[in-house]
Amino acid sequence: MARKNILKAQRIVVKIGTSSLMLPNGKINLSNIDELAFVLSDLNNNGYEVILVTSGAIGVGLNILDREERPKEIAQQQALASIGQVELMSLYTQMFRRYSQKVSQLLLTRDVTDFPLSSDNAKNALNALLSLGIIPIINENDAIAVDEMDHQTKFGDNDKLSAIVSKLVGADLLIMLSDIDGLFDKNPNIYDDAKIFKEVHEITDELQRIAGGAGSRFGTGGMTSKLAAAQILFENNQEMVLTNGKRIREIQKIVNGDEIGTYFHKNIEKEG
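Looking up the protein in an unreviewed UniProt entry gives the name Glutamate 5-kinase, with the organism given as Lactococcus muris. According to the UniProt record, the Function (unreviewed entry) comment for the protein reads "Catalyzes the transfer of a phosphate group to glutamate to form L-glutamate 5-phosphate." Reading the Catalytic activity (unreviewed entry) entry of the UniProt record for the protein gives the comment "L-glutamate + ATP = L-glutamyl 5-phosphate + ADP".

Here it is in structure tokens:
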């Protein structure tokens, strides 16, 4: 059964995580980036407005400096993010150019979206870029963002950032690419009988327990953050599909209403 409401989507935010951009050996997953550029360019050619929220700056920075472990020092992490962001955008620009698609870069911090005037400026910039047929590529400005009591500028994770961006621009759909096929009732990497939730209509305490329970690899910065992002969307009556970043071409099927991944939407009757 097709997800009829998704067929109406015209403005789409796609979020891709570091696990979909980097290989297990720490090298950059060039084929995935190329495929992402192809699929999003194709969507843009077909009249969709597309925004990409990307992670990966620190991962790419580690690759450039030929390091295996992420440093614990904040300043070192910020330096890696600064180095990696340049290379990441260079890769995106090259890949999208292969498909005659122009892109732009926006680096955001939490205070930009929290402060009304700067939030409006960011919204206006994004709307202008979309009107020009540009695909904006957004990341958190990790090189300068801090998380202090009197000066919080970090979003916490790019799952939350993608939800905030979706809310900011009034997106019809957020497609979140992760390292798992969707939300399961238990960890599918441990339990063979794990079952996927095809649809989620509210973020319950039970779902929170499943996402952050003992033995779950999705606890911190994993599935818990994805549920938090879904909650932000629910509060704004927006929708999200969580799916596997290893199968990027399935984005096209998702937009066509195919039942792929877990579909988060608040009102069951919207499809009636």
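From this point, the narrative continues.
A. Just the UniProt feature "binding site: substrate" (unreviewed entry) in the protein, in detail. Per the UniProt record, the feature "binding site: substrate" (unreviewed entry) sits at Ser55, Asp142 and Asn158. With the annotated positions falling across 104 residues, the maximum pairwise C-alpha distance of 10.6 Å places them together in a single cluster. Non-local contacts of serine 55, meaning those with residues more than four positions away in its chain, are made with Lys15, Ile16, Gly17, Thr18, Leu21, Leu88, Asn139 and Asn158. Its location among the elements puts asparagine 158 in helix α7 (residues 158-169). Asparagine 158 has contacts with Lys15, Val53, Thr54, Ser55, Asn139 and Glu140, leaving out every residue within four places of it along the chain. At 2.9 Å, the side chain of asparagine 158 forms a polar contact with the backbone oxygen of threonine 54.

B. Spatial organisation of the packing of helix α8 (residues 205-212) against helix α9 (residues 223-235). Contact geometry of α8 with α9 gives a least axis separation of 8 Å together with a crossing angle of 150°. The angle between α8 and α9 places the two elements in the roughly antiparallel class. Every residue of α9 that contacts α8 at Leu207, Gln208, Ala211 and Gly212 is listed here: Met223, Thr224 and Leu227.

Conventions used here
- Residues numbered from 1 in each chain as written.
- Predicted model: local features only at pLDDT ≥ 70, side-chain atom pairs only at ≥ 80, totals over all residues.
- Heavy atoms only, no water.
- UniProt positions renumbered as here; feature names shortened; annotations may be inferred.
- Contact = heavy atoms within 4.5 Å.
- Helix = DSSP H or I, 4+ residues; strand = E, 2+ residues; numbered from the N terminus.
- Polar contact = N/O pair within 3.5 Å; in protein donor to acceptor, adjacent residues only side chain to side chain.
- Axes fitted to C-alpha atoms, helices over the stretch in contact; angles between N-to-C directions.
- Parallel < 35°, antiparallel > 145°, perpendicular 65-115°, else oblique.

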